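Below are the chains, spelled out letter by letter.
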Amino acid sequence: DFCAGQGPDLAHPADAAAGVFYAANPNNAFKNNAASGGFAGFNFPVLPEPIGDHRWMRATLNPSKRPLLLFDGNTAHSSGYFWIMAGGIYVGGKLWINDADSGKLYYSNGRYEMDTRDDTGTSLVFH
């Protein structure tokens, strides 16, 4: 595992583990895409609260709880530069705001679970 923090040489710490398709909010449709290279072809990090321009929604939205709308007909190859037998899809890692460190972003590529819910936010659904 590694952990990277935002700084002058790294504006977005998740770039240290860039995926071809990087979805901080899985509530999107992915159809008939091809990914080659990167940390993972498709990277779905745990994002417990909005970042960037959407930080004002911190009290009302948890992107990591959003369900994946569609994932169909996608392929990935030649990815996983941190390990030998990497998969083309990586669900895990965590991207968060550290208020104790002047609101800087941090990213860890470790395994973190998502508590994915349906659109009502009440029932568990498969990511």
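Residues numbered from 1 in each chain as written. Predicted model: local features only at pLDDT ≥ 70, side-chain atom pairs only at ≥ 80, totals over all residues. Heavy atoms only, no water.

An unreviewed UniProt entry lists the protein under the name CEMIP beta-helix domain-containing protein, with Volvox africanus as the source organism.

> Could you give an account of the overall build of the protein, with specific residues and numbers?
The secondary structure content of the protein amounts to zero helices and nine strands. Mapped from its N terminus to its C terminus, the protein presents α and β elements in the order β-β-β-β-β-β-β-β-β. Scored against the burial criterion, the 127 residues of the protein give a buried share of 36%. Of all intrachain contacts in the protein linking residues separated by at least 6 positions in sequence, the fraction that spans at least 24 positions is 61%. Accessible surface for the protein amounts to roughly 7,200 Å². Of this, 53% is attributable to carbon and sulfur atoms. (Helix = DSSP H or I, 4+ residues; strand = E, 2+ residues; numbered from the N terminus. Buried < 20%, exposed > 50% of the residue type's maximum accessible area, 1.4 Å probe, protein only. Contact = heavy atoms within 4.5 Å. Areas by Shrake-Rupley, 256 points an atom, 1.4 Å probe, with all protein chains shown as cover.)

> Kindly report on the side chain of Asn27, identifying the contributing residues and their values.
Locating Asn27 in the fold gives a position in the loop between strand S2 (21–22) and strand S3 (29–31). Of note is the side chain of Asn27, whose polar atom sits 3.0 Å from the side chain of Arg66. Setting aside residues up to four positions removed in sequence, Asn27 forms contacts with Arg66, Pro67, Leu69 and Asp119. (Polar contact = N/O pair within 3.5 Å; in protein donor to acceptor, adjacent residues only side chain to side chain.)

> Tell me about the nonpolar core, residues and numbers included.
Membership of the largest hydrophobic core is limited to ten residues, which are Ala14, Phe39, Ala40, Leu47, Ile51, Tyr90, Leu95, Ile97, Leu105 and Tyr107. Every element with two or more residues in this core is listed here: strand S8 (89–98) and strand S9 (104–108). When residues in this core are grouped by element, the largest group, three residues, is from S8. Listed in part, the eight residues of the second largest apolar core include Ala23, Phe30, Ala35 and Met114. (Core = buried A, V, L, I, M, F, W, Y, C linked by side-chain atoms within 4.5 Å.)

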